[in-house]
Amino acid sequence: MNSEQIKLLRDNAKLAESDRSWASLSRFLALVNPQDIISLCDELLALRAGNSKTPSIRPSKQALEQLFNAEVMVPACDKIKNGYAIRYAGFTVDESKMGPEEGLEWTAQERHIHQWRKTGELNTFIQQLEQEAAIPTWKLTVEVGKRKNYEGTLIFRYIREDHATSQQLSFL
């Protein structure tokens, strides 16, 4: 919906609320499209998430669960210099073992990262995560663990976009 359509919808909703006549209600209902309401709500929720002081774990968790088709653990959230790091811990997969410890199995996250490292698809996976877990007004970079025994870790670094530095003026 463009701005004029949103204004028209708002005006008719306001009229329907105050007037309560069938004519005003029918005018409002004629304008209402459920898909438009859904998209407006999604946009509003994204803006609210982008304006919060800390990034939500929801976008990264949902992106991972969708890609892995499995539930992921609740991450750790750490304050870093310019923002926050949301860390999903994971171990390096050792194919000779059933899991990281006796009685545990490898998680979907650890198995997928191990497989993508072997096939060279890790960069594609990271780019997809950066697109799907983006939050407005936050700059996102996704990193995969590099430390020995922790190569299955995923780190989502959300840094508040500083509009003063991102907008550069050129003088000719």
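Presented here is a report on the structure given in the accompanying data block.

Criteria and cut-off values
- Residues numbered from 1 in each chain as written.
- Predicted model: local features only at pLDDT ≥ 70, side-chain atom pairs only at ≥ 80, totals over all residues.
- Heavy atoms only, no water.
- Helix = DSSP H or I, 4+ residues; strand = E, 2+ residues; numbered from the N terminus.
- Buried < 20%, exposed > 50% of the residue type's maximum accessible area, 1.4 Å probe, protein only.
- Contact = heavy atoms within 4.5 Å.
- Areas by Shrake-Rupley, 256 points an atom, 1.4 Å probe, with all protein chains shown as cover.
- Core = buried A, V, L, I, M, F, W, Y, C linked by side-chain atoms within 4.5 Å.
- Pairing = 2+ DSSP bridges.
- Axes fitted to C-alpha atoms, helices over the stretch in contact; angles between N-to-C directions.

## Notes on the overall build of the protein
Argument step 1. Helix and strand content of the protein: seven helices and four strands.
Argument step 2. Reading the protein from its N end, one meets helices and strands in the order α-α-α-α-β-β-α-α-β-β-α.
Argument step 3. Out of the 172 residues belonging to the protein, those deemed buried represent 27%.
Argument step 4. Counted over contacts in the protein with a minimum sequence separation of 6, partners at least 24 positions apart contribute 53%.
Argument step 5. Carbon and sulfur atoms make up 53% of the accessible area of the protein, which amounts to about 12,300 Å² in all.

## A look at the nonpolar core
Argument step 1. By size, the foremost hydrophobic cluster in this structure holds 23 residues, and its most contacted members are Leu64, Phe68, Phe125, Leu129, Leu154, Phe156 and Tyr158.
Argument step 2. Among the secondary structure elements, those contributing two or more residues to this core are helix H4 (58-68), strand E2 (83-88), helix H5 (108-119), helix H6 (122-132), strand E3 (138-144) and strand E4 (154-160).
Argument step 3. Apart from residues lying up to four places away in sequence, Phe68 is in contact with Ala108, Gln109, His112, Trp116, Phe125 and Leu154.

## Looking at the pairing of E3
Argument step 1. With burial as the criterion, only one face of E3 is covered, namely that bearing Trp138, Leu140, Val142 and Val144; the residues Lys139, Thr141 and Glu143 on the opposite face remain uncovered.
Argument step 2. Strand direction decides the pairing type here: E3 and E4, joined by seven bridges, are antiparallel. Bridge assignment links Leu140 to a residue of E4, and that residue is Tyr158.

## Concerning the sheet that holds E2
Across a sheet, paired strands are connected by hydrogen bonds in the backbone, their directions being either parallel or antiparallel.
Argument step 1. Pairing in this open sheet of four strands is antiparallel, and the strands run E1-E2-E4-E3 from one edge to the other. Single-partner strands in this sheet number two, and they are strand E1 (76-80) and E3. Each neighbouring strand pair of the sheet contributes to a mean axis angle of 20 degrees, computed without reference to strand direction.
Argument step 2. In this structure, E1 lies alongside E2, joined through five bridges in antiparallel fashion. Bridging from a neighbouring strand, Cys77 pairs with Ile86 of E2.
Argument step 3. Contacts from H4 reach E2 and E4, with the element oriented near 145 degrees to E4.

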